[in-house]
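Chain residues, written in single-letter form:
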Amino acid sequence: MMRNRQIAVFEDNDMQEYIKNNRNVVTPIIGMILVILVFGFATGWKNYTANNLQTILNQSYSLAILAMGLIFIFAHGGIDFSCASVMAFSGLIAGLLMQIGVPVVICGIACVLVGTICSVITGALTVVFGVPAFISSICMMNICRGIVMAVIATNAVSVTVDVSAFKSWPVKIIVLIVVFIVTTFLLSKSLIGRYNKAIGENSVAAEQSGISVKKYRLLAYMISGVCVGIAAFFLLCRTGRMATGFANGLQLEVIVALMLGGLPPRGGYRSNIVSAIAGPLILTVLGNGLVILGMDDLMTEGIKGLVFLAVVFVNYRGSSESITGLFGKIGLDSKKMLLK
Amino acid sequence: MKEVVLKVENICKNFGPTKALTDVTMEFYGGEICGLIGENGSGKSTLSSVIAGIQPPTSGVMYKHGERYLPVNPVDGQKKGVAMIVQEAGTIPNISITDNIFAGKEQFFLKGPFVNKKAMQQAAKEALDKIGVDRMDPADNINVLSQEDKKIVEIARALDDDPELLIVDETTTALSVYGRDIIYANMRRMRDEGKAVIIISHDIDEIMAQCDSVVVLRDGVKVGRLEKEEMNGRAIRNMMVGRDMSENYYREDADGAVSEEVVLEASDISTEKVLKGIDLKLHKGEILGIGGLTESGMHELGRILYGIEKPIKGKVVLKKRDSDYKITNPWGSVKHGIGYVSKNRDVEALLLTTTIRNNITLASLKKISRGGFVSAAKEIPMVQEEIDRLSIKCNSMYSNVNSLSGGNKQKVVFGKWLATGADVLILDCPTRGVDIGVKSAMYSLIEELKNAGKSIIMISEELAELIGMSDRILIMKDGQFTKEFPRNPDLKEHDIINYMI
Ligand SMILES: Nc1ncnc2c1ncn2[C@@H]1O[C@H](COP(=O)(O)OP(=O)(O)OP(=O)(O)O)[C@@H](O)[C@H]1O
Ligand SMILES: [Mg+2]
C-alpha cells in the first residue's frame, strides 16, 4: 500500500526543527498582540473607537502593501529606499490621467505599471550595472520626488473623479487580502520566492546551483514595484490630491516595520510575509497609542526608536543575523563601490 | 610512563535530542601524536571543540596536567595551552594576514593606546617563519590567499603561543602535499618537545603513517584505543564501523571500454592564469578522472566545464542528440543536465543557515515545479530519498545544514546533484571529508550512474580514488595534460606522480 509520505515523515523531530526555524515568525505575532492589548488597556480602549481604528488601518494599509512587496528585495539581501517617491510619481501619473478623463480603473492600472517600471529600473541599475542597491534606490528616490515637485509646482493635481469605490473598506480589505495571499504563495512556494531567499542565504552557492541570480533579483524588484503602485493608488484616492510630501517618510517606516516584524536584515529563507503584517500594525498602533496618551511627536518618535532597538536586540541577539546585518549591508555596498 | 597532558572524563554533549558524545573518557599523552577517528557524525569535531573551549560540554570534567581545566572560550583555551585548527574555514575575511594571526591578542602590541602595526607584522613574520612558511607577506589581505594558504595562516595562529596540546581537525584533506608537509613537520616538532597532538582524519593510511596511537569513536562513544604496534588498516576500519568491512571499495571490473558517443567536448581552453589549450572529450557512460596538484589548474578546468568561469580562449560544448549547446553559465548547464560538486563546500555549495530540505532541492526546484510553483508533494519525497540513499545523519530534514558534521554536509551537496538526475556530473573532490563507509557508498553510486549511461568527470587529488574508479585518467601539470592512462586497477600511484611534478 502506498503510504502518504508527506504526512508520514513529518514527525516530532521535524516539528521541533520547524519551530526552531520559524521563531522569527512567532515572536512578532506575539509582539503584535501584546502591543494591541497594552495600548488598548493603557488608553482605556479609547484607541479602538471606529474612528481611530480607521486611522490606524489607513496608516498601516500603505505600509503593509509596500512591505509585502519589499520583502522580496530584502529576501535576496537587497534594500530599497525609493518606494515612497516612486509611490508619489506613480500617483502623480494616475492623477494626471484622471484629470484628462481617463477611466479610474485604467488610471489604477497605469499607476501600478509606472510603479513597476520605476522599480525595475532601480533594480536594473543594481543587478545589471552593479550599482549598490542603496545608491541606485536613493537616486530613483530623488529623481521621482524631483519630478513630482516640478510638476505640481506649476499645476495642482487632484482627484477630480469619483473614486469612492477605492476608498471603501470592503474593497481595500479585499485587495489587501489578495495581495497577502499572492505574495505569501509567491514567497513560500514559487520559484521566484524560493530563489530569492536562496540568493539571500548565499548568492554564490545559489548561482552554482543553477539559479539565474540576476533574473530573479530583477523579478523581486518587479513584484515590489507592483505593490508600490497599488499602495500609491489607494493613497491617492484617500488623500484626494497630490502634494510634494506625498507618502514621504514611508521609505524608512516600511523598513523599520519589516525589522519589527522579524524580517532578517540579511534576507534568506527566514523571510516571511508575516513580517509585513505584524510590523506595520505594531508600528502604527504604537505611534497612534502614544499620541492618544498625550505624547508629543518628538517623544513618540523617540519611543518608537527605543522599541525598535529593543525588538531588534531581542530578535537578533546571539543569532548570526545580527543587527549589524542591515547596516553592514550598507557598509559593504559602499566599500564595494569605493573599490571599483 | 608518559605524562598525561589532558584527561577528559565522562564528557557528554547533547544538541537537543541528538547525543553527540556519551560518557567519553580518555587521556592524551605528552610526546605523542594521537589519531582520533570515526565515521561522519561520530563526535570527533564535537569532542575537540569541547577541549578547545569552542563549546562547553553538557556534563563531564577535564583535567590538564592533573588540574581542573574548563576553558570558557577558544581564546581562554589557547591561553591555557590548547590550540585547535578547525575543520571549517577559520580565518576572518577582509583583514590582513597579520590581523588574522593575532586576532584577540592585539593588547600585546600596544604602543600607548594604539596597536603597533610594525611590531605586529614583524611578529607575524616570525610566526610564519616558525612553522616554516615563507611564501606569503603578512601585510597582505587574507582574501588574496588560496584556501590552502588560509589554512596555513590558521596553523601559524594556533602554534604562535606554543600550545601544549594541538588539535588538527580534518585539515589535511584540504591541503596539497606542501601544506601537509608543513603540518606534519610541526606536529612532529611538538611531539619531540614532549607536547601532545591530536589529529583527525578519514585517511587511515595517513593516520597510520603519522600517529603513535589512535582512538576510535563510534556514535559518540569511545570504542577503543590502539597503540602503534596494534595498528593496521583492517583493525581500525572494523572498530570504526563495528562490523567487518571489505578493504576494496572501488569498482571491481577492469573494463575501461566506453561508448564512442561524446557528450561533452572542450576545445583549446585557455585562461589567463594557468590553463594552456586544453582539449577534452567526455564519452557517454564514462568516468573520466582528472588528477594533478592543486595548482595544476584542474579545479579551474572543472569550473570552466560547468560554466562558472569563462576561458579567454576556446569553448565547451555539450553534445545533444539534435543540437549542440555551448556552455556559458551555470543555469544553462543545469537546465541541460549538468551538475557540479564544488571543492569549496561551505562557501560555494551550501546554504549553511537553512534546512537540509532547502539545500537538497535547490538545483531541482525547476524540475519539480509547475507554472513556477514548487510542488511540496514532490519535494519532500525527493529530500527523503536522498537522505536515505546517502544515509545523511540528521535529526530531521528541517535541521539546519550547519548543525551537520563535515562529512554529512558533503553528502548533502552530493544529494543535491543526485536529485537533479543530471546526465553529466562534474565532481571536484567529491569524497572530501566523508568516512570510508560513505565513500564506498558514493563509489557504488557513481558506478551505478555510469551503468545508467551518465557521464562523470572526477577531479581529485586522491590518486587511489582515480585509479580505482576511472575509465580513463588524465594527469594535469601546469595547465596542460601531461599523460593519459587507460583503466588499469593495478596502476601504482608512483607511476602517476612523475607526470604531476
Ligand atoms: N550545532 C549543532 N547542532 C545540532 N547538532 C549538532 C551540532 N553540531 C554537531 N551536531 C551533531 O553532533 C553529531 C556529531 O557531529 P561532529 O561534527 O562532532 O561529527 P564528526 O565526527 O566531526 O564528523 P565528520 O567526520 O563528518 O566531521 C552529529 O550528529 C551532528 O549532526
Ligand atoms: Mg568533523
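What this report covers is the structure whose coordinates are included nearby. From a predicted model like this one, the values you see are computed outputs, not experimental measurements.

**A look at the coordination of the magnesium ion (ligand 2)**
Residue and element names in this part refer to chain B. With distances of 1.9 to 2.2 Å, the protein atoms coordinating the magnesium ion (ligand 2) are S45 (OG) and Q87 (OE1). Note that S45 is positioned in helix α1 (residues 44-52) and Q87 in the loop between β6 (82-85) and α3 (97-101), a separation of 42 residues in sequence. S45 gets classed as partly exposed once you look at its relative accessible area, which sits at 26%.

**Remarks on the interface of chain A and chain B**
The interface of chain A with chain B comprises 33 residues on the first partner and 43 residues on the second. Both sides together, the interface formed by chain A and chain B hides about 3100 Å², and carbon and sulfur atoms give 55% of it. Among the residues of chain A in contact with chain B, R194, Q208 and S209 of chain A are the three that bury the most area, contributing 21% of the side total. Among the ionic pairs, R194 of chain A bridges to E379 of chain B, the shortest N-O distance being 2.7 Å. The interface formed by chain A and chain B includes 16 residue pairs in polar contact (both at pLDDT 80 or more).

**Re the sheet that holds strand β14 (residues 278-283) of chain B**
All names here are of chain B. The antiparallel open sheet is built from 4 strands, whose spatial order is β14-β13-β16-β17. Lying at the two open borders of the sheet, with one neighbouring strand each, are β14 and β17 (324-326). Taking the axes of each pair of neighbouring strands and ignoring which way they run, one obtains an average angle of 15° across the sheet. For strand β16 (residues 313-319) and β17, the ladder comprises 3 bridges, and the chain directions are antiparallel. Residue L318 lies in a different strand from β17, and its bridge partner there is Y325. Docked against the sheet, helix α9 (residues 298-306) engages β13 (262-270), β14 and β16, running at close to 120° with respect to β13.

**Observations regarding the sheet that holds strand β21 (residues 424-428) of chain B**
Residue and element names in this part refer to chain B. If you walk across this open sheet you meet the 6 strands as β18-β21-β22-β15-β23-β24, and the pairing is mixed. Every other strand in the sheet has two partners, leaving β18 (338-341) and β24 (480-486) as the edge strands with one partner each. The sheet shows a mean angle of 15° between the axes of neighbouring strands, direction not considered. Where β21 lies against strand β22 (residues 455-460), 5 bridges are found, and the strand directions are parallel.

**Some details on a nonpolar patch on the surface**
All names here are of chain A. Residues V105, I109, L113, I117, I121, L125, V128 and F129 make up a contiguous nonpolar surface patch of roughly 760 Å² in combined accessible area. You can see F129 is positioned in the loop between α6 (104-127) and α7 (133-154). What makes F129 exposed here is its relative accessible area of 63%.

**Section: the pairing of β13 of chain B**
Residues and elements named next belong to chain B. When β13 meets β14, the two strands line up antiparallel, connected through 5 bridges. Within β14, the residue paired with V262 across the bridge is H283. Across 5 bridges, the pairing between β13 and β16 is antiparallel. Bridge pairing links L264 to L318 in β16.

**Let's talk about the packing of aromatic side chains**
Residue and element names in this part refer to chain A. Counting across every chain of the model gives 13 aromatic pairs over all chains. Taken together, a centroid distance of 5.7 Å and an interplanar angle of 70° make the contact between Y61 and F234 edge-to-face. Taken together, the residues Y61 in helix α4 (residues 50-75) and F234 in helix α12 (residues 213-239) connect sequence positions 173 residues apart. Each member of the pair Y61 and F234 is classed as buried. Considering the side-chain rings of F233 and F234, the 6.5 Å spacing of their centres and the 75° angle between planes classify their relative orientation as edge-to-face.

**Describing the nonpolar core**
Counting 220 residues, the largest nonpolar core has M87 and F233 of chain A together with I101, L264, F414, I457 and I496 of chain B as its most contacted members. The residues contacting M87 of chain A, other than those within four sequence positions of it, are S62, L66, V228, A231, A232, L235, F246, A247 and L250 of chain A. V24, F28, L36 and I198 of chain B belong to the second-largest nonpolar core, a separate cluster that totals 25 residues.

**Thoughts on the site of ligand 1**
All names here are of chain B. Of all residues adjacent to ligand 1, which total 19 residues, the nearest are K44, S45, T46, S405 and G407. Take S405: an N or O atom from its side chain is 2.7 Å from an oxygen atom of ligand 1. A distance of 2.6 Å separates an oxygen atom of ligand 1 from a polar backbone atom of G407. Within the complex, the protein chains bury 85% of what would otherwise be the 640 Å² of accessible surface of ligand 1. At the level of secondary structure, the elements contributing two or more residues to the shell around ligand 1 comprise α1 and α14 (406-420). Looking at the shell around ligand 1 residue by residue, the class counts come to 3 nonpolar, 12 polar and 4 charged. Summarising the domain contributions, the shell around ligand 1 has at least three residues from each of domain 1 (4-241) and domain 3 (349-422).

**Structural notes on unusual backbone geometry**
For residues besides glycine, phi is generally negative; the peptide bonds are generally trans as well. Residue and element names in this part refer to chain B. Its identity is not glycine, yet D23 carries a phi of approximately 45°, on the positive side. Mapped onto the secondary structure, D23 falls in strand β2 (residues 18-29). Positive phi, normally seen in glycine, also occurs at D268, with a value near 55°. Topologically, D268 is positioned in strand β13.

Here is what the cut-offs are and how they apply
Residues numbered from 1 in each chain as written. Chains lettered and ligands numbered in written order. Predicted model: local features only at pLDDT ≥ 70, side-chain atom pairs only at ≥ 80, totals over all residues. Heavy atoms only, no water. Donors = N, O, S within 2.8 Å, 3.2 Å for Na, K, Ca; no water. Helix = DSSP H or I, 4+ residues; strand = E, 2+ residues; numbered from the N terminus. Buried < 20%, exposed > 50% of the residue type's maximum accessible area, 1.4 Å probe, protein only. Contact = heavy atoms within 4.5 Å. Buried area = accessible area lost by both parts, 1.4 Å probe. Salt bridge = Lys/Arg side-chain N within 4 Å of Asp/Glu carboxyl O. Polar contact = N/O pair within 3.5 Å; in protein donor to acceptor, adjacent residues only side chain to side chain. Pairing = 2+ DSSP bridges. Axes fitted to C-alpha atoms, helices over the stretch in contact; angles between N-to-C directions. Patch = residues over 30% accessible without salt bridge, like charges linked within 9 Å, V, L, I, M, F, W, Y side chains within 5 Å. Areas by Shrake-Rupley, 256 points an atom, 1.4 Å probe, with all protein chains shown as cover. Phe/Tyr/Trp six-rings, centres within 6.5 Å; stacked < 30°, edge-to-face > 60°. Core = buried A, V, L, I, M, F, W, Y, C linked by side-chain atoms within 4.5 Å. Near = heavy atom within 4 Å. Nonpolar A, V, L, I, M, F, W, Y, C, P; charged D, E, K, R; others polar. Domains from an automatic or database assignment.

Bear in mind that shape data such as this cannot, by itself, settle questions of function.
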